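So the chains spell out like this:
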Amino acid sequence: MTTSQPTDLQSRCDLLRSLQRPGAPLLLPNAWDVATARAVVAAGFPVVATTSGGVAATLGYEDHEGAPGDEMLAAAARIARGVEVPVTVDAEAGYGMGPAELVAALRNMGAAGCNLEDSDYAAGSLRDPDQHADWLGAVRQAASEADYPLVINARVDVFLSGFLAGAGPGTQEELVPDALRRANAYLEAGVDCVYPIALWETDALRRFMSEVRGPVNVIRLPQTPLAELAALGVARVSWATLLHREAMARFEAQLASLQE
């Protein structure tokens, strides 16, 4: 799992992009501070991905842009400086920044990649897919003009609300057409990968994989074996906030045992 580490930003971007291999997915256990990022590297993983939920909680805020963007980006910058591997930053929905401003911030911190979501947290809805594709295209253009081969992972959030609400099985199939429309529009706009977060039902995921026109990132949920995800052609697997939640649950259990 280990690999020689690049020393410049362009090489880190190129390495991250090369590791996105459909059928042999890049595993991304998400970190939330420098200590956990270094633990990821020490375990032999070639890339560190951040989790906005874990970072926000560490800073004392809620996820979904509940934290000030400058604090989130400063935390991501510390992580990027703290390890010698490519870092892909969960930049949520961009914190209201323009494409050029966002790209400059990511470049200055040394991020090899980023996640960008199509949720509009202020409106409590999803962004219009065409408008969001235009925005992602502007992010790509700004990066290209800076000679910065940023790896953009465009998150598709259509499955998320049902997942968080505990929707029953069989409900994701009807959402696949909207997810595909968004994903393919984002890929056409120049992103490197799409991330239909919370898509886990096998039939819906299989249909999505068969019709999407680029690499796919999925969340690692316990009900879907990694071998099955690889067989479907997934290129990246993320743990999102799951490791942070598990770590906090263990910490709370240890604290409770101290009371005994």
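Residues numbered from 1 in each chain as written. Predicted model: local features only at pLDDT ≥ 70, side-chain atom pairs only at ≥ 80, totals over all residues. Heavy atoms only, no water.

The subject of this paragraph is the overall build of the protein. Per the secondary structure count, the protein includes 11 helices and 10 strands. Its C-alpha atoms give the protein a radius of gyration of 18 Å, near enough to 18 Å, the size a compact globule of 260 residues would have. In terms of overall dimensions, the protein has C-alpha extents of about 50 × 45 × 40 Å along its principal axes. Residues counted as buried form 52% of the 260 residues belonging to the protein. (Helix = DSSP H or I, 4+ residues; strand = E, 2+ residues; numbered from the N terminus. Rg over C-alpha atoms; globule rule 2.2 N^0.38 Å. Buried < 20%, exposed > 50% of the residue type's maximum accessible area, 1.4 Å probe, protein only.)

What follows is about the packing of aromatic side chains. All chains considered together, the criterion is met by zero aromatic pairs. When the ring centre of Trp-135 is taken as origin, the NZ or CZ atom of Arg-127, which lies over that ring, is 5.4 Å away. (Phe/Tyr/Trp six-rings, centres within 6.5 Å; stacked < 30°, edge-to-face > 60°. Lys NZ or Arg CZ within 6 Å of the ring centre and 35° of its normal.)

Turning to the sheet that holds strand S10 (residues 236-238), a few remarks are in order. The pairing of strands in a sheet comes from backbone hydrogen bonds and takes either a parallel or an antiparallel form. Taken in spatial order, the three strands of this open sheet run S1-S10-S9, and their pairing is parallel. Lying at the two open borders of the sheet, with one neighbouring strand each, are strand S1 (26-28) and strand S9 (217-219). The sheet shows a mean angle of 20 degrees between the axes of neighbouring strands, taken without regard to direction. As judged from the three bridges shared by S9 and S10, these two strands associate in the parallel manner. Looking across to S10, one finds that Ile-219 is bridged to Ser-238. (Pairing = 2+ DSSP bridges. Axes fitted to C-alpha atoms, helices over the stretch in contact; angles between N-to-C directions.)

This brings us to the side chain of Thr-50. With respect to the helices, strands and loops of the structure, Thr-50 is situated in the loop between strand S2 (48-49) and helix H3 (52-59). Only 2.8 Å separates the side chain of Thr-50 from the backbone nitrogen of Asp-90, close enough to count as a polar contact. If near-sequence neighbours (up to four positions away) are discounted, Thr-50 is found in contact with Asn-30, Ala-31, Ile-79, Val-87, Thr-88, Val-89 and Asp-90. (Polar contact = N/O pair within 3.5 Å; in protein donor to acceptor, adjacent residues only side chain to side chain. Contact = heavy atoms within 4.5 Å.)

Taken together, five strands build an open sheet; the order of strands is S2-S3-S4-S7-S8 and the sheet is parallel. Looking at which strands have only one partner, the edges of the open sheet turn out to be S2 and strand S8 (193-196). Relative to S8, strand S7 (residues 151-156) runs parallel, the two sharing four bridges. Each residue of the ladder has a partner; that of Val-156, found in S8, is Pro-196.

Moving on to the pairing of strand S4 (residues 113-117). Burial analysis of S4 places five of its five residues in the buried class, the great majority of the element. Taking every second residue as pointing to the same face, both faces of S4 are buried, with Gly-113, Asn-115 and Glu-117 on one and Cys-114 and Leu-116 on the other. Summarising the sheet, strand S3 (residues 87-90) and S4 pair through three bridges and their orientation is parallel. By the bridge assignment for S4, Val-89 is matched with Cys-114. Of the crossover connections in this fold, the one passing from S3 over helix H5 (residues 99-109) to the parallel S4 is right-handed. One ladder, built from five bridges, connects S4 with S7; its direction is parallel. (Right-handed = clockwise from strand over helix to strand, strands pointing away.)

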